[in-house]
Every structure is written in structure tokens, then in C-alpha cells.
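Summary of structural features
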Amino acid sequence: MSIEPMRIFFKEIKEPITTTMIGNYAVAGGVTQTDPDVICAFPITPQTQSVEGLSDVVHQGRLKAAFVNVESELAAISFSTAACAAGARSFTATASQGYLLMTEALPMAVGWRLPLTMMISARAFNSPNLSIWNSWEFTETNSEMGWNCIVSENVQETYDAAILSVMISEDSLFPTMFVHDGFIISHSVQKLTLIPDEAVRQMTPKKPRHTIDPSKPGTWGGIVTPSYFMEGRKNLDEAKKPVLNQMREVFSRFKKFTGREYDLIETYNLDNSSKTAFCTMGSMCGNIISWMLKNKDIGLIKIRAFRPFPHEELRKIIEEHNIEKLIILEKSDSLNGMLPPFSMSIATALYPLGTLFRSFIVGLGGRDVTRDEFDVAKKKMALVSDMNGRLYQYLGVRETKGNIYEVDY
Amino acid sequence: MLTAEQLKEVLKENVINLRFHARGGQGGVTASNLCVEAFYGYGVCQPMFGAERMGSPTESYVRLSANDDLVRTNEQVYAPHVVAVLDPSLLGEIDVTAGLAKGGWLIVNTVLNQEEIQGVVGRKDINVGTIDATRIALDVLGRNITNTIILGGIIRVMPIFSTDALADAIMRRFKGEVAAKNIAAIKQAIEETCVYDIGLDPDFTIDTKVPWQQVFLGLPGYKEVDKAGVWYCDEDVIEIGSGQVNTGSWGEYDMIWDEEKCTDCAQCWFICPDFAIIREKGEDGLWHMKGIDQFHCKSCQNCLEVCPVDAISKKLKQGPASCAVPEDQEGGS
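In what follows, the accompanying structure is described.

Here is what the cut-offs are and how they apply
Residues numbered from 1 in each chain as written. Chains lettered and ligands numbered in written order. Predicted model: local features only at pLDDT ≥ 70, side-chain atom pairs only at ≥ 80, totals over all residues. Heavy atoms only, no water. Helix = DSSP H or I, 4+ residues; strand = E, 2+ residues; numbered from the N terminus. Rg over C-alpha atoms; globule rule 2.2 N^0.38 Å. Buried < 20%, exposed > 50% of the residue type's maximum accessible area, 1.4 Å probe, protein only. Contact = heavy atoms within 4.5 Å. Areas by Shrake-Rupley, 256 points an atom, 1.4 Å probe, with all protein chains shown as cover. Lys, Arg positive; Asp, Glu negative; His and termini not counted. Charge placed at Lys NZ, Arg CZ, Asp CG, Glu CD. Salt bridge = Lys/Arg side-chain N within 4 Å of Asp/Glu carboxyl O.

Once that is clear, we can look at the overall build of chain A. Of the regular secondary structure elements, chain A holds 13 helices and 17 strands. Here the C-alpha atoms of chain A give a radius of gyration of 21 Å, agreeing with the 22 Å that 2.2 N^0.38 yields for 409 residues. If you line up chain A on its principal axes, its C-alpha atoms span 65 × 60 × 45 Å. The burial tally for chain A puts 59% of its 409 residues in the buried class. Long-range contacts, defined here as pairs at least 24 residues apart, represent 78% of the contacts in chain A between residues at least 6 apart. Accessible area for chain A stands at about 16,300 Å²; split by element, carbon and sulfur atoms hold 55% of it. Here chain A carries 42 positive and 46 negative side-chain charges, and the mean point of each set is 3 Å from the other.

To continue, consider the pattern of salt bridges. Pairing is possible between side chains that carry opposite charge, provided their charged atoms lie close to one another. Residues and elements named next belong to chain B. In the structure shown here, the tally under the stated rule is 39 salt bridges over all chains. Note that aspartate 139 is salt-bridged to arginine 135, the shortest N-O span being 3.7 Å. Of this pair, aspartate 139 and arginine 135 both sit in helix 5 (residues 133–141), separated by four residues, roughly a single helical turn. Since its relative accessible area comes to 53%, aspartate 139 is described here as exposed. Notably, a salt bridge pairs aspartate 274 with lysine 298, separated by 3.0 Å at the nearest N-O pair.

What follows concerns unusual backbone geometry. Between threonine 45 of chain A and the following residue, proline 46 of chain A, the backbone shows a cis peptide bond with an omega angle of 5 degrees. Tracing the backbone through its elements, the reader meets proline 46 of chain A in the loop between strand 2 (38–41) and helix 2 (49–60). Following arginine 307 of chain A, the chain continues into proline 308 of chain A via a peptide bond in cis, with omega recorded as -5 degrees. By secondary structure assignment, the location of proline 308 of chain A is in the loop between strand 12 (305–307) and helix 11 (311–320). At asparagine 269 of chain A, a position not held by glycine, the phi torsion is positive, near 55 degrees. As for its position among the elements, asparagine 269 of chain A is in the loop between strand 9 (265–268) and strand 10 (276–280). Non-glycine residue phenylalanine 275 of chain B carries a positive phi angle of around 50 degrees. Tracing the backbone shows phenylalanine 275 of chain B in the loop between helix 9 (267–271) and strand 9 (277–281).

Here is the structure:
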């Protein structure tokens, strides 16, 4: 390699540095600063450069971590979970089909209350055709299995999320995945400001917690009869309740160190004349914010904490700002006549309020989402006056060679 | 041509878009990265999303503005104001001026003159800058890498960042001597860029994106794709299928087949990864080699290695596709 993309992280970062980087290397840098003990990932497609960047830093000697290549994503998540149970701060990463291959072992880190972190570069899964581009596979079928999940809009946010995830994981003792849109963020070069190493160390101290301990033998994950299993699940459910508050505390601690402000849900221009807002997450929020410079009669609700889903916070925001209509944009579908997964979460939250909404499925498999989609969604929503009929539609898809589905072109 | 001060004014409330055309390995993405690093305001650089192979045509995009909210969008760049072409062989292969705004600048590494370039791309409403970047690269850098040199051309016609800022960015990215040579090459490039100004500047306030172009009208719609998403070999439904990609333009060499020496042993046919060895069934009922499919052959030279009777040889192509060298991974999969 003629250029060492991780060079900036080879030395102690003493003060905030503004630099430019792709999302994947920025994440690798953030993870480096949190000083993980074990990095374990499947190194081949659909893996990203985040792991490649970390191998660079470990090889160079800056990061004293065990860097473990394994034969599959299932092995990666199993190894990382076990390492985390043994007391190591662990990081893994995946995308697309790799995430689906992990699914079998995802619930264990939750059950064992392990502060594992994982980066997901959101990409399509393969059906009917292979795609390596952006979709939201991580939202499908609620496959996060009880993990915490935060979603980032741009490179700065995904770098910060690498550090925030460690803080959230260790405070809540639940594993946390942080997601950015594949290619759109993972491969875009954007400016970002790096946090000094000392500040990251202070934000992410290694605290004592429950671990596998030879001096205190016990069975982890042993079989239980029906007389016991349900209590284990309810115990987890109770433990999840304070997580959103813990996230909030993490965000405010992060702000003290960096000045950058995050929240479970972030809002833009909600007191607008049409009492309508877009609701989405990830890189599309940036597109909408730019588009809103010329469309000031509409707002944006940006979900950062996708899991646990901040139902109450969303309800409160909608009530406070008298939002009457929501335009939900999402990059996944359900095929079974139900709402797609992200919209389903929103709909559940909206149920007591009766807010009108429609869901638009956009940008599957890397199709760009532009001002054209926003213009049409806004126009369509203006005509909506009830919740009858189909609540979702695809937008930006060819019906025939010369025709776009449900768009007058 | 706009001065640096005028551009600063434009950038306060507008975005300037750039697009780089190169071949995999020539450093087009590095060039666009350097734009973002050298620019004083906010900037985003995106490679063409997908897998990149050595020698294949690549694109990368840059969006710059002093207004943070304007570049916050993660949309792709559809309407560039500046297009830079690092490799002249791309001119015949790619529509390099697609979406280029009226009065925009096309900067090409070429020895052709500006009017000839206007003819090749079929546009009279754009300004052209030409630069013999290959020669400067060989003179100053000692190898044919034109990505930083083309930035000199950009500074000459549209000074959105200063030479000093670019030099700083290069010094951060490259090591000592390499950085110094690149900076010297850029300074020479600024001097030597030939400018053909038609007296028209782009209107940065106009959005020239074609509505819904991201939806690729003209390709089959969802009602027209085959069941199970299958691409049947005997149909021509997928007009951008891999069989229609001119992988032949990616390679360094033309592979030459000598019919006299060939013994029809078919070892080359077995080893060719691109099915570029053409065979036909003769009247004797046996298969005979008939030549090499230059449209698909990307000169991996496996056939040359495997041929037991030296019936295959190679000839260096005319043109700069031969300059590809490995660098920072771009695209990726």
C-alpha cells in the first residue's frame, strides 16, 4: 500500500485533529482509541476496510490487541462473544449476508449481558439478485435479537458511534451494534474531527464486570427446563428498560468531552407550516437536510437509537410539535403486505396518537435517493387524509422501460 | 474564467461539483480526496460505488461548498462543473461530459488541441483545458501517475483551492520526497495547462440534474424482469450485463495469436478467465482455435504462460492504460 490510511492513529492523538477519511477507516480509528483487547472478524467479502484498518494498527504495534481471523461470520460472533465473556473488550464487524450468517449466535451476547460492540456497514442481502450495495438488512425481521443499535448519518457520526457504542455497551451491559450506510458512508471521504486519545480513555474506562472466572466456576448458557427459561427472558426485559436513559447519559457525557451533541431522536424544523415531517435514519437524513434548505415547510425526525426503540420520546416530540403527518422513508421492504420493519416500529409508537403516516420504500440495493423522491413523497403526503388502504409504497422504481411506478414523469 | 475571489463568493451559497475519470490504479480517487483536503470549506468525496478492478474505467466525485448544510447531502454528483480526465483512452469509451454544466470545464490529459477535444466529446458549450500530464509525470515523477498533475490543471482554470493548500494536503498524505516531486509536478502543470476559454462560466445556481436519472429509465421495469431475476443467456434483457463490458480496454497489452504455430491443444481456452479465446467447430467435427476476442481480453497473459509452442505473444498497447500501478484500495467489495 503506497498510502497508509491509518497513519494518523499510529501515534497518540494529543488534541482534536480535523482530517478527512472514509467511514470505514474512521471507525477503525475510533475503535483503536477505545483500546479493545480482542478484534475478531471474518476478513473476506462482505467485510469492510474497518477490520483491515484495525489489522494495520495492531501490526504497527500501536494497539495491543489480539487480532483474530476466523473462517466465517458465525465463528466471528461466537469467538467475540466468548472473548467478551472472558472479560476482554471485544469488537467485530460485518455487513450484508455476513450479518445473516451471524444471526444464530447474536442472542447469546444479549443473554449473557456482554458489552460487545459491532460495526455494520448496511448492505442488501441477496434476493433475488446479488447486491453489494446499501439497503437496511439489519432492520429485517427484527433480527437485532435484543442488541442495542445506533445509526449514523455521516463519517463524523460513525466515528463517534464507535466510541459511543463502547460507552453504551459497558453502561448497559448489553451488546451494541452501530450502523452506517454501506458505500454511501463507508466509502465516502468526509471531514471529521478526531477526539484526543486521553479524552477517549476517560470516556471509556475499563470497569469491573461479571466474567467467566476460574475461581468462581459456573455454567454459562446451560440448558433449563420450562420451569426456568421465562424468568431468564423477563429478567433481560427488565434490564433493558433503563437502556435508553443510559444512552442519554452517555450522549451528555460525550458532549462534555467533545462538544458534539447527540440524542436518541434529533429533530429539524418541526414547527413548520404543513405540520408534516419526514422520519428516517442514516445517510438519507443528510440528503433531506440539504433539500430542506429550499423546502422550509417540512420537518425531519431523525432516529439515532433504533434499538431499543424510543417510543415515548417519539410520541412526546410529535405531541409537542403538533405533527399531523409523517412521511417514513426506509431502505427495506417486507413483501408480506405488512409495513417494513422500520415503519412498523414507528407505527407502533404512533398508535395511541393516530398520527397519519405513509411509508415509502426507497434506495434498495444502492439506488440513490434524491430530491426527486422527497418532492414526490411530500406531494403524495399532502393528499393523504386517512389511514385507509395500503400504507406503504415503493418509490423510485421502474414499472416498465419508460415508466416510473406511481410517479407522473 | 472566474478568479479565486469570485469563486469564494460563489461557494458561500452554492456547491461546486467535480468529477474525475480515470482507470483503476491511476489514483482518481486519491485526486478527489486531495481536493477535499485542500479545500478550506466543507467537502465530500465519493468514489463510484462498486468493485474496482485494475485498468477498468473509474469515476469519483467531489462536492465542495463553504455552506455545511449544502454538502451535507449524501446524494451522488449528477451535474459536475468540472470534469477531469486522467487517461485520454477514456475519451472514446466513456461519455465524459455527461451532465457537465454549460460553461463548465473539461480538463484532459492529452496531446490533442482543445478544438479537437470539443469535437471528440461533441460539446461546443464547454471550456476545455488540456495538459500533457503523462509527459510531466514521466519527467518529474519518473512514472506515469497523473492524478496530482491534473489537479494543477484544475487550479489553473478554477482556483477553488490554492496551490499552497494543495501542497499541504499532499505533504500530509505522501512521504517526503514523493510529496516534493508531486508538488513540483503540480507547479509545472499549472504553467503548462493550455486553456481554451469560450467566454462562458457555469451558472452555479442552476440544478442541472435530470429528474429521476437515478432510476435509469430505459432498462426493464419490475413488470418486465424475468421470474426469479434470472438473466437468460439467449435474451438481451440485461443491457448492462458483463458480456457487454469492454474489459479489453483495461489491459496493458494486445495479445497476438500465431495461427501457424498453434496446435489446437486448447490449453489457453481452458485457462482463460474471460472466455476470450475464440474457437469454432470445423468441418472435421473438431474444435479449432480462431483467434482472441480483443473486446474482452484484459491481457492477464495466462494464455501466453500456458502455451507450449509459443503461439501467443504480446504487444504493448498504444496509450496510457499501461500506467496502472497498485495504490490505496478504491471502491472495494
